[in-house]
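The residues making up each chain are set out below.
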Amino acid sequence: MEKFEIKTSIRFGEGALESLREIEGNKIFIVTDPFMVKSGMIEMVTRHLAGKQYKVFDEVEPDPSVELVTKGVKELLEFEPDAAVALGGGSAIDEAKAILHFAGRMGKLPRIGLTAIPTTSGTGSEVTSFAVITDRDKGVKYPLVDASLLPECAILDVDLVKTVPQSVVADTGMDVLTHALEAYVSVRANAFTDALAEKAVVTVFKYLVRSFKDGDDREAREQMHDASCMAGLAFDRTSLGLNHAIAHNIGGKLGVPHGRTNAILLPYVIEFNAELGDFGKKEFNRAAEKYAVLAELVGVGSGNVRAGVKNLIRLIRRMQAQMKMPGSFKECGIIPDKYREAEDDIAKGALLDQCIVTNPRVVTKEDVVEILKKTYHGQHQSS
Ligand SMILES: NC(=O)c1ccc[n+]([C@@H]2O[C@H](COP(=O)([O-])OP(=O)(O)OC[C@H]3O[C@@H](n4cnc5c(N)ncnc54)[C@H](O)[C@@H]3O)[C@@H](O)[C@H]2O)c1
Ligand SMILES: [Fe+2]
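Residues numbered from 1 in each chain as written. Chains lettered and ligands numbered in written order. Predicted model: local features only at pLDDT ≥ 70, side-chain atom pairs only at ≥ 80, totals over all residues. Heavy atoms only, no water.

A word on the overall build of the chain. Tallying secondary structure elements over the chain gives 13 helices and 8 strands in all. Its C-alpha atoms put the chain at 70 × 45 × 45 Å along the principal axes. When each of the 383 residues of the chain is scored for burial, the buried share is 59%. Of the roughly 16,400 Å² that the chain leaves accessible, carbon and sulfur atoms contribute 51%. (Helix = DSSP H or I, 4+ residues; strand = E, 2+ residues; numbered from the N terminus. Buried < 20%, exposed > 50% of the residue type's maximum accessible area, 1.4 Å probe, protein only. Areas by Shrake-Rupley, 256 points an atom, 1.4 Å probe, with all protein chains shown as cover.)

Below, the structure is given as structure tokens:
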């Protein structure tokens, strides 16, 4: 038997932020990043908390660290809130989830609910039981996975993503695509997660470049915001795969933003998973067949699995080029010695990452090293 449940209540569309008034309790702990306070965007949230007492923890930095979570736990315990709100990108939402998780484990505060309000369209963290925390000393990102991390409520408001700068739109949008693709070929995929992943993939190809080009394109930004959440719902059930397993280890060591790392890896991981082999090959694995289905859905299919997979990869690379994204880690400014030095640890770490378990193809350390060598220079072998 399989089960499909959505525990988080999702509010979207006109007036969605008004549901903040439904939060029970009088003391609200708000976790956010400094930009939300400086830009005044936080007032879009606090104006719905009239009559309540709130404390703003606004120190979130991209890729929250273990130390920051420890600091947040201390402030949360001092304030003793009745509920928590996270406002920001994946970093703010993950920080809030981790703070609540560790405070709960210390047993010093009754379990409190989290309302997650994403201001980027990328991680889907508002509906997932994952939180990614970075150990800066070891250079490793740890995905925490626990059902208790699931937010009680997610609020999607397009007005909060209007200000996202182009580079962040590109990075986070490619994160959405990677989530959807990894969920689609995961060994845990099912008909329901496939429906969400397919919708997310089609939406990204239709709207991401539009959203990148024009922050005032409300339809494109809204569609991407919804797609991000749908991809999150899919991968929360299926988990992810090799792409994220490597990205979690590169991100911590080389400091390249999460979505950008995923985007660089994506064509190579698809190629690896699809095992296209020689031209004479007639039988393809399940992942290759599923990538080819997606190629059909986004209008680049050809009735042939090999051509479908290759066309899908080409389309991804074209979209990256349209958004002027780097196609290699070299282009991100990583110096060769630093990369070579990190290679072995990245490969070992990727094989230990929880996401590797659901990858459709079994992976060895040599496979990861080969992908890392290709992604440094970005010479894509298959096209
Ligand atoms: N929990 C999950 O399921 C999950 C999934 C994937 C990734 N992640 C993690 O999420 C983090 C990345 O999150 P992200 O990609 O959303 O980026 P982010 O939260 O790190 O934000 C990136 C930058 O964008 C800025 N920003 C955010 N919203 C903005 C807005 N509306 N206008 C202008 N600027 C804005 C932030 O201030 C920050 O400088 C990584 O640590 C990654 O590992 C978590
Ligand atoms: Fe991601």
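From this point, the narrative continues.
With that out of the way, let us pick up the coordination of the iron ion (ligand 2). Protein coordination at the iron ion (ligand 2) comes from D175 (OD), H179 (NE2), H244 (NE2) and H258 (NE2), with a distance range of 2.1 to 2.2 Å. Seen from the iron ion (ligand 2), its 4 donor atoms lie at angles of 85 to 171°, and the figure they make is irregular. One chain supplies every donor to the iron ion (ligand 2), and in sequence these donors are spaced D-x3-H-x64-H-x13-H. In this pair, H179 sits in helix α5 (residues 166-185) while H244 sits in helix α8 (residues 242-254), placing the two residues 65 residues apart along the sequence. H244 shares its class with H179; the two are buried. (Donors = N, O, S within 2.8 Å, 3.2 Å for Na, K, Ca; no water. Tetrahedral: all angles 85-135°; square planar, octahedral: opposite > 155°, others 65-115°.)

This part covers helix α3 (residues 66-79). Over its 14 residues, α3 extends 20 Å from the first C-alpha to the last, a length consistent with the 20 Å expected when each residue adds 1.5 Å. Buried-residue contacts for α3 involve β2 (27-32), β3 (53-57), α4 (90-105) and β6 (130-135). Two residues or fewer past α3, E80 is found with a positive phi of approximately 50°. (Expected span 1.5 Å × (residues − 1). Contact = heavy atoms within 4.5 Å.)

Attention now goes to the domain arrangement of the chain. Structurally, the chain comprises domain 1 (9-160) and domain 2 (166-377). Taking only C-alpha atoms, the centre of domain 1 and the centre of domain 2 are 27 Å apart. Across the boundary between the two partners, domain 1 contributes 25 residues, which contact 27 residues of domain 2. Both faces combined, the contact of domain 1 with domain 2 buries some 2,200 Å², and carbon together with sulfur accounts for 58% of it. When residues of domain 1 are sorted by the area they lose upon contact with domain 2, S121, K141 and V158 head the list and together hold 27% of the total. (Domains from an automatic or database assignment. Buried area = accessible area lost by both parts, 1.4 Å probe.)

This part covers a nonpolar patch on the surface. Judged by side-chain polarity, V202, V293 and L297 come together as a nonpolar surface patch covering roughly 200 Å² of accessible area. Since its relative accessible area comes to 37%, V293 is described here as partly exposed. (Patch = residues over 30% accessible without salt bridge, like charges linked within 9 Å, V, L, I, M, F, W, Y side chains within 5 Å. Salt bridge = Lys/Arg side-chain N within 4 Å of Asp/Glu carboxyl O.)

Moving on, we come to the pattern of salt bridges. Counted under the stated rule, the structure contains 20 salt bridges. Between R260 and D171 there is a salt bridge, and its shortest N-O distance comes to 2.8 Å. With R260 in helix α9 (residues 258-274) and D171 in helix α5, this residue pair connects regions lying 89 residues apart in the sequence. Judged by its relative accessible area of 22%, R260 is partly exposed. Take D171: its relative accessible area is 8%, and that puts it in the buried class. E275 is the partner of R361 in a salt bridge, and the nearest nitrogen-oxygen pair spans 3.8 Å.

Turning our attention to the site of ligand 1. Among the 29 residues in the neighbourhood of ligand 1, the closest are listed as D63, G90, S91, T119 and T120. Side-chain polar atom of T128 to an oxygen atom of ligand 1: 2.9 Å apart, as the coordinates give it. One of the backbone nitrogen or oxygen atoms of F130 is found 3.0 Å away from a nitrogen atom of ligand 1. Look at ligand 1: alone it shows 870 Å² of surface, and the protein chains cover 89% of it. Mapped by element, the contributors of at least two residues to the shell around ligand 1 are α1 (34-38), α4, β6 and α5. Broken down by element, the residue count for the shell around ligand 1 peaks at 4 residues, all from α5. (Near = heavy atom within 4 Å. Polar contact = N/O pair within 3.5 Å; in protein donor to acceptor, adjacent residues only side chain to side chain.)

Next up on the list: the sheet that holds strand β5 (residues 113-118). Strands sit in the order β1-β8-β5-β4-β2-β3 across an open sheet of 6 strands; the sheet is parallel. Looking at which strands have only one partner, the edges of the open sheet turn out to be β1 (9-12) and β3. Averaged over all adjacent pairs, the angle separating strand axes in this sheet is 20°, with direction ignored. In this sheet, β3 lies alongside β2 in parallel orientation, the contact comprising 5 bridges. Each residue of the ladder has a partner; that of F29, found in β3, is K55. Along the sheet, α3 makes contact with β2 and β3, crossing β3 at roughly 165°. (Pairing = 2+ DSSP bridges. Axes fitted to C-alpha atoms, helices over the stretch in contact; angles between N-to-C directions.)

What follows covers the state of the cysteines. In the structure shown here, the tally under the stated rule is 0 disulfides. Considering cysteine sulfurs only, C229 is the nearest to C153, which forms no disulfide, with 11 Å between them. Among the residues examined, C229 registers a relative accessible area of 4% and is labelled buried. (Disulfide = S-S within 2.5 Å.)

Bringing the packing of aromatic side chains into the picture now. In this description, a pair of aromatic rings is defined by centroid distance and the angle of the planes. A full pass over the atoms with the stated rule returns 6 aromatic pairs. An angle of 35° between the planes, with centres 6.5 Å apart, marks the rings of F29 and F79 as tilted. Placement of the pair is F29 in strand β2 and F79 in helix α3, with a sequence separation of 50 residues. Residue classification places F29 among the buried positions, given a relative accessible area of 0%. (Phe/Tyr/Trp six-rings, centres within 6.5 Å; stacked < 30°, edge-to-face > 60°.)

Where α9 contacts helix α11 (residues 305-322), the two axes come as close as 10 Å, and the packing angle between them is 175°. When the axis of α9 is compared with that of α11, the two are roughly antiparallel. Only V309, I313, I316, R317 and Q320 of α11 make contact with α9, whose side of the interface consists of A263, I264, L266, P267, Y268, I270, E271 and A274. Grouping the amino acids of the contact of α9 with α11 by side-chain chemistry returns 10 nonpolar, 1 polar and 2 charged. (Parallel < 35°, antiparallel > 145°, perpendicular 65-115°, else oblique. Nonpolar A, V, L, I, M, F, W, Y, C, P; charged D, E, K, R; others polar.)

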